[in-house]
Protein chains: 2
Amino acid sequence: MRDKKKVKKGVILLSGGADSVTTFYWAKNKGYDLTAIIFDYNQRHKKEIKCAKNIAELSKIKYFLVKGDLSWTKSSLTDKSIKVPSNGKIIKGEIPITYVSGRNIVFLSYAFSLAESIGAKYVFIGAHIQDYSGYPDCRPEFLDKFQEMADLGLKNKGIKLVAPLISKSKKDIVKMGIDLGVPFEATWSCYEGKRNPCRICDSCRFRIQAFNELGFKDPLLK
Amino acid sequence: MRDKKKVKKGVILLSGGADSVTTFYWAKNKGYDLTAIIFDYNQRHKKEIKCAKNIAELSKIKYFLVKGDLSWTKSSLTDKSIKVPSNGKIIKGEIPITYVSGRNIVFLSYAFSLAESIGAKYVFIGAHIQDYSGYPDCRPEFLDKFQEMADLGLKNKGIKLVAPLISKSKKDIVKMGIDLGVPFEATWSCYEGKRNPCRICDSCRFRIQAFNELGFKDPLLK
């Protein structure tokens, strides 16, 4: 009989994008018993939510869909009247128009609440270095401080926040995902929610570039 | 013409209870231009949400109702099958069954996101000493750490978290509310959501005791 006590429970923040799905496969590969948390924050399109659900279902894990409208923020990811960036450049020190105020703060708050409630000792997030040049809530110092805050604000200290991709580039992440068997054809990175990736938004550009540098073809590109 | 720049904008966490409404009146009295944020976390009853809306409408301020289900937590405030406590005692170091995992973390996360989005520089919360003997997310050290975390995780540093009741007892708070003209008849503190307060749950007990000690009658008690 399998010893249940030995299985480490964790909560995974799942967006349906390449980063969170690679994080999921990394944690799954390490043997964690995972529950996913998927957010509907009234984002630009629902396609990523569909992908996230699909990924959870593919692996037969339980998931919670949390609806928490963040559309009061003026972001191109919540307001369709604002164009998504497509210049393929990350400007150091500049926060892009895709910034959604407090997004990871809200997501992690729910994830820690869920983790405590189901007795999980780990929360996994796909935040990484390429994002934190722009997003303040992807920086390691933010994640460290969130950990300290959660330790004080929850009943149970020591639910550990784990960001395995934090120091990785997009290329490293796609490489890791390929090695772990991530079904990239079931993920979604494009800022637009059309039938096929637009190939010109920044999110598409960085993903395609990573696949190209590795000598692979993104399976989403038909 | 009124100089708009001089009006300090703030976000108030409004639950409809005596504490948050007193905090609201305190901030209003100081001249803040307030926007309320009201939470539907799938709590035991909706009466407090109705009261919170009513309080916001009475003062003609804008409010946002945020739906964010926290019923995965095993709490008597989200699960009707669990009895609410009514022994009238706060046991030092013991977290009551009314604890909702991560509640203030989630609430404050939204409040800071909203504050940043509307250009408010202050977030007001009614957390206080009597609660923090039991709830970890009402302690001053938690609030301080949340402030540090928000300063790192948001685009704009320095949205200030203000908890004017933090060191006050329930008696002090009710006294403050009476002085500020809080319409206590429009607030709701009882853990049960019936027509009239139950008078026996801990929340009723502490409120009634505070009014009694001040020589006033709680207008909710007919």
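Report follows, based on the coordinates. (Residues numbered from 1 in each chain as written. Chains lettered and ligands numbered in written order. Predicted model: local features only at pLDDT ≥ 70, side-chain atom pairs only at ≥ 80, totals over all residues.)

## Considerations on the overall build of chain A
So, point 1. For chain A, the count of helices and strands is seven helices and five strands.
So, point 2. Counted from the first residue to the last, chain A has its helices and strands arranged as β-α-β-α-β-α-β-α-α-β-α-α.
So, point 3. Relative to the globule expectation of 17 Å for 222 residues, the C-alpha radius of gyration of chain A, 17 Å, shows essentially globular dimensions.
So, point 4. The dimensions of chain A, computed from C-alpha atoms along their principal axes, are 50 × 35 × 30 Å.
So, point 5. Put simply, 74% of the contacts in chain A that link residues at least 6 apart link residues at least 24 apart. (Helix = DSSP H or I, 4+ residues; strand = E, 2+ residues; numbered from the N terminus. Rg over C-alpha atoms; globule rule 2.2 N^0.38 Å. Contact = placed C-beta atoms within 7 Å.)

## Some words on the interface of chain B and chain A
So, point 1. Tallying the contact residues gives 38 residues for chain B and 38 residues for chain A.
So, point 2. Every element with two or more residues in the side of chain B that touches chain A is listed here: β3 (63-67), α3 (103-118) and α5 (140-153) of chain B.
So, point 3. Sorting elements by how many residues they give to the side of chain B that touches chain A places α3 of chain B first, with 11 residues.
So, point 4. Partitioning the side of chain B that touches chain A into residue classes produces 19 nonpolar, nine polar and 10 charged. (Nonpolar A, V, L, I, M, F, W, Y, C, P; charged D, E, K, R; others polar.)

## Quick look at the packing of helix α3 (residues 103-118) of chain A against α3 of chain B
Helix packing geometry: the angle between the two helix axes and the distance between the axes.
So, point 1. Their axes nearest at 9 Å, the elements α3 of chain A and α3 of chain B cross at an angle of 175 degrees. By the angle class used here, α3 of chain A and α3 of chain B are roughly antiparallel. Contacts between α3 of chain A and α3 of chain B involve Ile105, Val106, Ser109, Tyr110, Phe112 and Ser113 of chain A from the former and Ile105, Val106, Ser109, Tyr110, Phe112 and Ser113 of chain B from the latter.
So, point 2. A class-by-class count of the residues in the contact of α3 of chain A with α3 of chain B yields eight nonpolar, four polar and no charged. (Axes fitted to C-alpha atoms, helices over the stretch in contact; angles between N-to-C directions. Parallel < 35°, antiparallel > 145°, perpendicular 65-115°, else oblique.)

## What about helix α7 (residues 202-214) of chain A?
Residue and element names in this part refer to chain A.
So, point 1. Compared with an ideal rise of 1.5 Å per residue, which puts 13 residues at 18 Å, α7 spans 18 Å between its outermost C-alpha atoms and is within 8% of the ideal.
So, point 2. All of the buried residues in α7 are Asp202, Ser203, Cys204, Phe206, Arg207, Ile208, Ala210 and Phe211.
So, point 3. Downstream of α7 by one or two residues, Gly215 has phi in the positive range, about 75 degrees. (Expected span 1.5 Å × (residues − 1). Buried ≥ 20, exposed ≤ 12 C-beta atoms within 10 Å, placed from the backbone.)

## Quick look at the sheet that holds β3 of chain B
All names here are of chain B.
So, point 1. Spatially, the five strands line up as an open sheet ordered β3-β2-β1-β4-β5, and their pairing is parallel. Sheet topology places β3 and β5 (160-162) at the edges, where each strand pairs with a single neighbour. Going from strand to strand, the sheet's axes swing by 25 degrees on average, the running direction of each strand aside.
So, point 2. Lying over the sheet, helix α2 (residues 47-58) contacts β2 (33-40) and β3, oriented at roughly 165 degrees with respect to β2.
So, point 3. The strands that α3 touches are β1 (9-13), β2, β3 and β4 (122-124); relative to β1, the one it contacts most, it runs at about 160 degrees. (Pairing = 2+ DSSP bridges.)

## Here we look at the pairing of β1 of chain B
All names here are of chain B.
So, point 1. Taking burial as the measure, the five residues of β1 include four buried ones, the bulk of the element.
So, point 2. Bridge count for β1 against β2 is five bridges, and the pairing is parallel. By the bridge assignment for β2, Ile12 is matched with Ala36.
So, point 3. For the crossover from β1 across helix α1 (residues 18-29) to β2, the handedness is right-handed.
So, point 4. One ladder, built from three bridges, connects β1 with β4; its direction is parallel. From the neighbouring strand, Val11 faces β4, where its bridge partner is Val123. (Right-handed = clockwise from strand over helix to strand, strands pointing away.)

## Remarks on the relation of the copies chain B and chain A
So, point 1. Superposition record for chain B on chain A: RMSD 0.0 Å, screw rotation 180 degrees, translation along axis 0.0 Å. Such a turn and shift between the copies fits a two-fold axis. (Least-squares fit on C-alpha atoms with pLDDT ≥ 70 in both.)

## Re the sheet that holds strand β2 (residues 33-40) of chain A
Residues and elements named next belong to chain A.
So, point 1. Strand order in this open sheet of five strands is β3-β2-β1-β4-β5, and the pairing throughout is parallel. Unpaired on one side and paired on the other, β3 (63-67) and β5 (160-162) mark the two borders of the sheet. Across the sheet, the mean angle from the axis of one strand to that of its neighbour is 25 degrees, orientation sign disregarded.
So, point 2. As defined by bridge partners, β2 adjoins β3 across five bridges and the pair is classed as parallel. Note on β3: the bridge partner recorded for Asp40 is Lys67.
So, point 3. Strand contacts of helix α2 (residues 47-58): β2 and β3, with the helix running at about 165 degrees to β2, the strand carrying the most contacts.

## Quick notes on α3 of chain A
Residues and elements named next belong to chain A.
So, point 1. If you check α3, its first and last C-alpha atoms are 23 Å apart, about what 16 residues at 1.5 Å a residue would give, namely 22 Å.
So, point 2. Burial analysis of α3 places 14 of its 16 residues in the buried class, the great majority of the element.
So, point 3. Positive phi appears at Gly119, one or two residues downstream of α3, with a value of about 80 degrees.

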